[in-house]
Amino acid sequence: AQTVTQSQPEMSVQEAETVTLSCTYDTSENNYYLFWYKQPPSRQMILVIRQEAYKQQNATENRFSVNFQKAAKSFSLKISDSQLGDTAMYFCAFMKSFGNNDMRFGAGTRLTVKP
Amino acid sequence: DTEVTQTPKHLVMGMTNKKSLKCEQHMGHRAMYWYKQKAKKPPELMFVYSYEKLSINESVPSRFSPECPNSSLLNLHLHALQPEDSALYLCASSPGWQEGYGYTFGSGTRLTVV
């Protein structure tokens, strides 16, 4: 079974600063996908960024980037130039290849961006 | 249309009631999912439908009954629920044929069992 661990229940950052959210996972699979989802108070889960395990290059999406360390089973999210709208719950998620497309989530990190 | 629409947004039901949650998408996705999310917790997978067939049931109690009438629609029928079943119920979809694409989520139904 795969487990996803987010060790930071809460974090805060000043507007325009950079923050990094941590995620580690445990799996015996070699091929899989990793995701970061954002859930603002409006409740809808929004995909922030995804990473394919077979790709060494770290994924980036505008102000969001990941540091994917496959050997260490680490998948951290860096948010640059933080904005008030980034305030949300952030979930790290794992999906194995050749499975049933079922996605497993970590416990989440509540991020607050302060003005 | 790039949305997953869930109705109703809020539902209050008694323990003897029967109700249904509805989820709809028109993105041509062939995989659909039900998740349960308690307050300040991550979503927990309940059911996975792939090409209208149930592929995963995470040992969910039979008082929750999923149904996938067609590729665009997913229902969750509720009967004889308990107060601990109160939660946010999220529906999601994904292409089904493209692996690792990630899900598109709906805004959820906030269910309160009284």
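A brief structural summary.

Rules behind the numbers
Residues numbered from 1 in each chain as written. Chains lettered and ligands numbered in written order. Predicted model: local features only at pLDDT ≥ 70, side-chain atom pairs only at ≥ 80, totals over all residues. Heavy atoms only, no water. Contact = heavy atoms within 4.5 Å. Buried area = accessible area lost by both parts, 1.4 Å probe. Salt bridge = Lys/Arg side-chain N within 4 Å of Asp/Glu carboxyl O. Polar contact = N/O pair within 3.5 Å; in protein donor to acceptor, adjacent residues only side chain to side chain. Helix = DSSP H or I, 4+ residues; strand = E, 2+ residues; numbered from the N terminus. Nonpolar A, V, L, I, M, F, W, Y, C, P; charged D, E, K, R; others polar. Core = buried A, V, L, I, M, F, W, Y, C linked by side-chain atoms within 4.5 Å. Buried < 20%, exposed > 50% of the residue type's maximum accessible area, 1.4 Å probe, protein only.

## Some words on the interface of chain A and chain B
Next, step 1: The interface of chain A with chain B comprises 23 residues on the first partner and 29 residues on the second.
Next, step 2: At the boundary of chain A with chain B, total buried surface from both sides reaches about 2,000 Å², with 49% on carbon and sulfur atoms.
Next, step 3: It is Arg43, Asn101 and Phe105 of chain A in chain A that bury the most area against chain B; as a group they hold 32% of the surface buried on that side.
Next, step 4: At the junction of chain A with chain B, the criterion picks out one salt bridge.
Next, step 5: The partner of Glu58 of chain B in a salt bridge is Arg104 of chain A, and the shortest N-O contact between them spans 3.1 Å.
Next, step 6: Along the contact surface separating chain A from chain B lie eight residue pairs in polar contact (both at pLDDT 80 or more).
Next, step 7: Listed by contribution, the elements that provide at least two residues to the side of chain A that touches chain B are strand 5 (32–39), strand 6 (46–52), strand 10 (88–96) and strand 11 (104–105) of chain A.
Next, step 8: In terms of residue count, strand 5 of chain A provides more of the side of chain A that touches chain B than any other element does, four residues in total.
Next, step 9: Of the residues in the side of chain A that touches chain B, the class split is eleven nonpolar, seven polar and five charged.

## Points about the nonpolar core
Burial of nonpolar side chains together is a common tendency in soluble globular proteins.
Next, step 1: The biggest cluster of nonpolar side chains holds 25 residues, and the ones touching the most others in it are Tyr25, Trp36, Phe75, Leu77 and Tyr90 of chain A.
Next, step 2: Mapped onto this core, the elements with two or more residues apiece are strand 3 (19–21), strand 5, strand 6, strand 8 (64–69), strand 9 (74–79), strand 10 and strand 12 (109–114) of chain A.
Next, step 3: Counting residues per element, this core draws most heavily on strand 10 of chain A, which supplies four residues.
Next, step 4: Core analysis: the second largest hydrophobic core is formed by 22 residues, Met46, Leu76, Cys91 and Val113 of chain B among them.

## Description of unusual backbone geometry
Residues and elements named next belong to chain B.
Next, step 1: The linkage connecting Thr7 with the following residue, Pro8, adopts the cis geometry, with an omega of -10 degrees.
Next, step 2: Tracing the chain through its elements places Pro8 in the loop between strand 1 (4–7) and strand 2 (10–13).
Next, step 3: One non-glycine residue with positive phi stands out, namely Lys40, at about 60 degrees.
Next, step 4: Structurally, Lys40 can be placed in the loop between strand 4 (31–37) and strand 5 (44–50).
Next, step 5: Located in the positive-phi region is Glu52, a residue other than glycine, with phi close to 65 degrees.
Next, step 6: Here Glu52 is to be found in the loop between strand 5 and strand 6 (53–57).

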